[in-house]
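What follows is the residue order along each chain.
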Amino acid sequence: MALFLFLVIVAIVLGLIGWVVHGLGYLLVIGVVVLVIDIVLGLVRLVRRSRRHRIR
């Protein structure tokens, strides 16, 4: 859970820096990609956890 929150904070910070400093727009893209990957990994863990509890 701590890793999830850390990655969300990193994505937000990179996004804000990329938005404020127009020359660093790639940071905004990197921040969005990190956020999307983080959400996907969180959903995968949630699905695996629910399947594991369902089998028992």
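Bear in mind that the values here come from a model prediction, so they are computed numbers and not experimental data. Per chain, residues are indexed from 1 in the order of the written sequence. Given that this is a predicted model, residues contribute local features only at a pLDDT of at least 70 and side-chain atom pairs are listed and counted only at 80 or more, while totals for whole chains, interfaces and linings are drawn from all residues. Values shown for side chains rest on all heavy atoms present in the structure; no hydrogens or waters enter the calculation.

> How should I be thinking about the overall build of the chain in this particular structure?
Numbering of helices and strands starts at the N terminus; helices are DSSP runs of H or I of at least 4 residues and strands are runs of E of at least 2. Looking only at helices and strands, the chain features two helices and zero strands. Computed over the C-alpha atoms, the radius of gyration of the chain is 15 Å, more than 25% above the 10 Å expected from 2.2 N^0.38 for a compact globule of 56 residues. Principal-axis analysis of the C-alpha atoms gives the chain an extent of 55 × 15 × 10 Å. In this description, accessible areas are obtained by the Shrake-Rupley approach with a 1.4 Å probe, and a residue is regarded as covered only by the protein chains that are shown. In the structure as shown, the chain presents an accessible area of about 4700 Å², 77% of it carried by carbon and sulfur atoms. Every radius of gyration here is taken over C-alpha atoms, with the globule rule written as 2.2 Å times N^0.38, N being the number of residues.

> Where do I start with helix H1 (residues 2-20) in this structure?
Owing to its 3.6 residues per turn, the α-helix aligns residues three or four sequence positions apart on the same side. Multiplying one less than the number of residues by 1.5 Å gives the expected span of a helix. Helix length check: H1 (19 residues) gives 27 Å between terminal C-alpha atoms against 27 Å at 1.5 Å per residue, within 8%. Relative accessibility thresholds used throughout: buried, under 20% of the residue-type maximum; exposed, over 50%; partly exposed, between the two (1.4 Å probe, protein chains only). If you check which residues of H1 are buried, you get Ala 11, Leu 14, Gly 15 and Gly 18. Seen along its axis, H1 keeps its buried residues to an arc of 100°; they face one direction. Among the exposed residues of H1, those oriented more than 90 degrees off its buried face are Ala 2, Phe 6, Ile 9 and Val 20. The directions considered for the arc run from the helix axis to the C-beta atoms.

As far as function goes, none of this settles anything; it's purely spatial.
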